[in-house]
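In case you want the letters, here they are:
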Amino acid sequence: MATLAPQLETAVQDFMVPRPYRVQRVGKETADTFTLTLAPESDEHTTFTPGQFSMLWAFGVGEVPISISGDPAVHDRLTYTIRSVGATTQALVTRRAGAEIGVRGPYGAAWPIEAARGRDVVIVAGGIGLAPLRPVIYHVLAHRKDYGRLVLLYGSRSPRDLLYRKELASWARQPDTQVLETVDHGNLAWHGHVGVVTTIFKYARLEPERSTAMVCGPEIMMRFAIRELRASGFAREDIHLSMERNMRCGTGFCGHCQWGPLFICKDGPVFRYDRIRPLMDRHEL
Ligand SMILES: Cc1cc2nc3c(=O)[nH]c(=O)nc-3n(C[C@H](O)[C@H](O)[C@H](O)COP(=O)(O)OP(=O)(O)OC[C@H]3O[C@@H](n4cnc5c(N)ncnc54)[C@H](O)[C@@H]3O)c2cc1C
Ligand code: FES
C-alpha cells in the first residue's frame, strides 16, 4: 500500500494533465460556431466512442468540456464543433492553424451504437446538439449493413444556424436514410420547413419497436422531443439523451457536475431516458 499511493497519485495527475495538440484546421460553420481539427503533437493514436467529450484547454484562459464531433474511424486527429458563448469557447474558436490547445480525455459514456446494431437509428438534434451525434452518423453510414434505417430530425434557430450543411445534403442521398430539417424562423431563401423540431416528426418514417432514439439539444427541446417520441410509440429504454452541466475535472472527482446521485461527466453525458426520468422531472436539479 505504501508503494501504491505515490503511483496512484502519479496516475491521477497524468490523467488530469492536458496533452498538447496543434490546430490543423478551423472551419466556419455559422457566425458563432467553428469546427476545429486538432492533431496530437506526439504520435498518439486518437480514439473515442461517439458521444464522448474532451476537456479542451485554451492556455491562459480556461478549460471546457466539448464533445468530439469527428469520425471515430479516424485515429490521427480529433474534431470538435464549438459555439462561442464565453471567454474560453471564444478563445478556442479564434485559435489559428498551428496554435497549441491542451486536450484531456476522451471522457464519459457513449451513445449505444453497439446495442443499436440491427435496429433503426433515429437521431433528434437541436442546434449545436448535432455535434455529438455526427460521429454516430459517420459510424452508421460506414457500417450500413449492421443497422436498419437512419432517420435524422434536425432543428435550428434559422437557416444561417444549420451546421454541416453540405454533409446534411450528402447524408440525405444515402440509402435507407431520411434527413428532415426545420428552422424556428425562416428567411426569403429558405424553402424548407419552419417550426420547432417536434413539428417534423409527422414526416418521419418511424418504426419505434425496432428503433433506438438518440437526442441532443437544449434541455427544453429534449423534453419536447421525448414527449413526441413517447407519443410515437418509443419505449423509455429505447430513448437516449446527452445532458450538459458545467464541469471542472471531467472525471468524477470535483463534484461540479453532480446531478442528483449522478455525475454527468462520469455517469453520462449520455443517459438512457428511463434511468434519469425521475431527475428530469425535478426541475430544480
Ligand atoms: C459534456 C458536454 C459537452 C459539450 N459539448 C459541446 C460542444 O460540442 N460544442 C459546444 O460549443 N459546447 C459544448 N458544451 C458546452 C460548453 O462546454 C460551454 O459552452 C462552455 O463550457 C462555455 O464556457 P465559456 O468559458 O466559453 O463560457 P462561460 O463564460 O463559462 O459561459 C458563457 C455562457 O454559457 C453558459 N454555459 C457555460 N457552460 C455551459 C454548459 N456546459 N452548458 C450550457 N451552457 C453553459 C453560461 O451559463 C453562460 O451563459 C458541452 C458541455 C458539456 C457538459
Ligand atoms: S466535472 Fe468534476 S465530477 Fe464531474
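Scroll up a little and you will see the structure.
Since we're looking at a predicted model, the values are computed, not measured.

Reading the values: the criteria
- Residues numbered from 1 in each chain as written.
- Chains lettered and ligands numbered in written order.
- Predicted model: local features only at pLDDT ≥ 70, side-chain atom pairs only at ≥ 80, totals over all residues.
- Heavy atoms only, no water.
- Pairing = 2+ DSSP bridges.
- Helix = DSSP H or I, 4+ residues; strand = E, 2+ residues; numbered from the N terminus.
- Axes fitted to C-alpha atoms, helices over the stretch in contact; angles between N-to-C directions.
- Buried < 20%, exposed > 50% of the residue type's maximum accessible area, 1.4 Å probe, protein only.
- Right-handed = clockwise from strand over helix to strand, strands pointing away.
- Polar contact = N/O pair within 3.5 Å; in protein donor to acceptor, adjacent residues only side chain to side chain.
- Contact = heavy atoms within 4.5 Å.
- Phe/Tyr/Trp six-rings, centres within 6.5 Å; stacked < 30°, edge-to-face > 60°.
- Lys NZ or Arg CZ within 6 Å of the ring centre and 35° of its normal.

Novice: Help me understand the sheet that holds strand S6 (residues 100-107) in this model?
Specialist: Strand pairing in a sheet takes place through backbone hydrogen bonds and is either antiparallel or parallel in direction. If you trace the six strands from one edge of the open sheet to the other, you get S4-S3-S6-S1-S2-S5, paired in antiparallel fashion. At either end of the open sheet lies a strand with only one pairing partner, and these are strand S4 (62-67) and strand S5 (78-83). On average, adjacent strands in this sheet sit at an angle of 40° to one another, irrespective of strand direction. As defined by bridge partners, strand S1 (residues 19-28) adjoins strand S2 (residues 33-40) across seven bridges and the pair is classed as antiparallel. For Arg22, the partnering residue across the bridge sits in S2 and is Ala39.

Novice: How should I be thinking about the pairing of strand S7 (residues 120-126) in this particular structure?
Specialist: Looking along a regular strand, one sees the side chains alternate between the two faces of the sheet. Across the seven residues of S7, seven count as buried, placing the element largely inside the fold. Every second residue of S7 is oriented toward a common face, with Asp120, Val122, Val124 and Gly126 on one face and Val121, Ile123 and Ala125 on the other, all of them buried. Pairing geometry for S7 and strand S11 (residues 211-216), over six bridges, is parallel. Within S11, the position partnered with Val121 by the bridge is Thr212. Regarding the hand of the β-α-β motif, the stretch spanning S7, helix H3 (residues 134-142) and strand S8 (residues 150-156) is right-handed.

Novice: Sorry if this is basic, but what is going on with the side chain of Thr89 here?
Specialist: By the secondary structure assignment, Thr89 is in helix H2 (residues 87-93). According to the relative accessible area criterion, Thr89 is buried, its value standing at 9%. There is a polar contact of 3.1 Å between the side chain of Thr89 and the backbone nitrogen of Gly86. Those residues within four positions of Thr89 in sequence are excluded, and the remaining contacts are Val64, Ile66, Ile82, Arg83 and Ser84.

Novice: Which parts of the structure should I look at to understand the packing of aromatic side chains?
Specialist: Two numbers describe a pair of aromatic rings. These are the distance of the centres and the angle of the planes. For the coordinates displayed, the defined rule picks out three aromatic pairs. Seen from their ring centres, Tyr138 and Trp171 are 6.4 Å apart, and the 80° between their planes marks the pair as edge-to-face. Of this pair, Tyr138 sits in helix H3 while Trp171 sits in helix H4 (residues 165-172), and the two are 33 residues apart along the sequence. The ring centre of Tyr164 lies 3.9 Å from the NZ or CZ of Arg134, which sits over that ring.

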